[in-house]
Amino acid sequence: MTTLIVLRDGTDEERLGEVVDRLRDAGVPCRSHSATVLSSPSPAARVGAVLAGLPQVAQVSALSGDYPLAARQSAAEGTRVRLGRTLIGGPDVVVIAGPCAVESRDQLLTTAAAVRDAGAQALRAGVFKPRTSPYSFQGLGADGLKLAAEARRETGLPVVSEVLDVRDVELMAGSVDMLQIGARNVQNYPLLREVGASGLPVLLKRGAGTTIDETLMAAEYLLDAGNHQVVLCERGIRSFETGYRFSLDLTAVTVFRERTHLPVIVDPSHAAGRRSRVIPLALAAAAAGADGVIVEVHCDPETARCDAEQALHVADLPALMAGLRPAAAAAGRQLAATPAGASG
Ligand code: PEP
Ligand code: MN
């Protein structure tokens, strides 16, 4: 159990000290996370009773897990994460699209041009690939990073790419705009701390077997390292069902919305496992209130070296975008406009 204590905006250090002293004098342990956010392992009723009457205390509430900085109440207005010229978490639903893996210059540049022309806001481009088998294609690594940087220059699209290893964070920081932490690494705490310290925007995927609160505590590692530019991503969880790859948990989108101020996007591709299912799931995600989608797309999916069956063809992108428009509207949002300078 964690109790969150939120102080009023503009509370000075002396008034913060008063709160800490009051709790300490009552034998209630507490930790301060920022100028206005504290937490305590003591029950909310006890903390509330001890702090009663202090005007700088805006709110005392019980959290479902230990994630004070990620908690919705810590930033009631919601966090907006900048990715290139786009804001994730604002009124617009954003689209990130690109190949699962960078395979060649031709493949990446052709796919990236189609992603830009379709009006998406960012390019996904995996260069370090986490593969279940050690014999599968592992990505082009540093060479792929150079191609990703070239695609970024050519299209003007910001690039999202997965980091697997603490040793690659610095290398990647020079070539990509957002570091993805994949489903397998959501609880790799040294990696979370290192990526948190990088200051780069982060796309943190929920694990296939990670609860909503465990995901929020993983995000807390990034926030605790001083990095507040964090976007969560629901990509499907492991269930008893064998008819598809993962169960896309859209309920989680609504629960994340209740529990955190961080934006939430959805990856329909890895849940679907097959391209025919990707657009319906993407539309469902937008209608459920996701801040965006990240979709795998390839200029020649039949030859893709990674996740071929689930890759949309670049020719499918206009249908995806056309479907997302009314789906976003159903959730009271709109599809983001193509960022200025990235059209052409
Ligand atoms: C990916 O984005 O290509 C990927 C490996 O996704 P996940 O971490 O969700 O499996
Ligand atoms: Mn993939």
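Everything quoted here is computed from the prediction, not taken from an experiment. (Residues numbered from 1 in each chain as written. Chains lettered and ligands numbered in written order. Predicted model: local features only at pLDDT ≥ 70, side-chain atom pairs only at ≥ 80, totals over all residues. Heavy atoms only, no water.)

Participant: Before we move on, could you go through the pairing of strand 3 (residues 37-40) and cite the residues and values that matter?
Facilitator: Here is the key point about a regular strand: its side chains alternate between the two faces of the sheet. The side-chain alternation of strand 3 yields two buried faces, one formed by Val37 and Ser39 and the other by Leu38 and Ser40. Both strand 2 (residues 31-32) and strand 3 contribute to a ladder of two bridges, which runs antiparallel. Bridge pairing in strand 3 links Arg31 to Ser39. The loop that links strand 2 with its antiparallel partner strand 3 comprises four residues. (Buried < 20%, exposed > 50% of the residue type's maximum accessible area, 1.4 Å probe, protein only. Helix = DSSP H or I, 4+ residues; strand = E, 2+ residues; numbered from the N terminus. Pairing = 2+ DSSP bridges.)

Participant: Let's hear about the coordination of the manganese ion (ligand 2): which residues, and what values?
Facilitator: Those donors, Cys100 (SG), His270 (NE2), Glu296 (OE) and Asp307 (OD), are the protein atoms that reach the manganese ion (ligand 2), and they lie 2.0 to 2.4 Å from it. Look at where the donors of the manganese ion (ligand 2) fall in the sequence and you get C-x169-H-x25-E-x10-D. One end of the pair, Glu296, is in strand 14 (residues 292-298); the other, Asp307, is in the loop between strand 14 and strand 15 (312-313), and 11 residues separate them in sequence. (Donors = N, O, S within 2.8 Å, 3.2 Å for Na, K, Ca; no water.)

Participant: Account for the environment of Asp300, with residues named and values stated.
Facilitator: Here Asp300 shows up in the loop between strand 14 and strand 15. Remark: the alpha-carbon pair of Asp300 and Thr111, spanning 189 residues in sequence, is separated by 8.8 Å.

Participant: Which residues make up the site of ligand 1, and what values go with them?
Facilitator: Around ligand 1 sit 13 residues in total, of which Arg124, Lys129, Ala183, Lys205 and Arg235 are the nearest. A distance of 2.7 Å is found between an oxygen atom of ligand 1 and a backbone nitrogen or oxygen belonging to Ala183. One of the side-chain N or O atoms of Lys205 is found 2.8 Å from an oxygen atom in ligand 1. In the complex, 96% of the free accessible area of ligand 1, which totals 290 Å², lies under the protein chains. Classifying every residue of the shell around ligand 1 gives three nonpolar, three polar and seven charged. (Near = heavy atom within 4 Å. Polar contact = N/O pair within 3.5 Å; in protein donor to acceptor, adjacent residues only side chain to side chain. Areas by Shrake-Rupley, 256 points an atom, 1.4 Å probe, with all protein chains shown as cover. Nonpolar A, V, L, I, M, F, W, Y, C, P; charged D, E, K, R; others polar.)

Participant: Kindly report on helix 7 (residues 212-224), identifying the contributing residues and their values.
Facilitator: The end-to-end C-alpha separation of helix 7 is 18 Å, in line with the 18 Å expected for 13 residues at 1.5 Å each. For helix 7, every residue scored as buried is listed here: Ile212, Asp213, Thr215, Leu216, Ala218, Ala219, Glu220, Leu222 and Leu223. On its buried face, helix 7 sits against strand 10 (178-181), helix 6 (189-198), strand 11 (202-205), strand 12 (230-234) and helix 8 (250-259). Backbone geometry just downstream of helix 7 places Gly226 in the positive-phi region, at approximately 95°. (Expected span 1.5 Å × (residues − 1). Contact = heavy atoms within 4.5 Å.)

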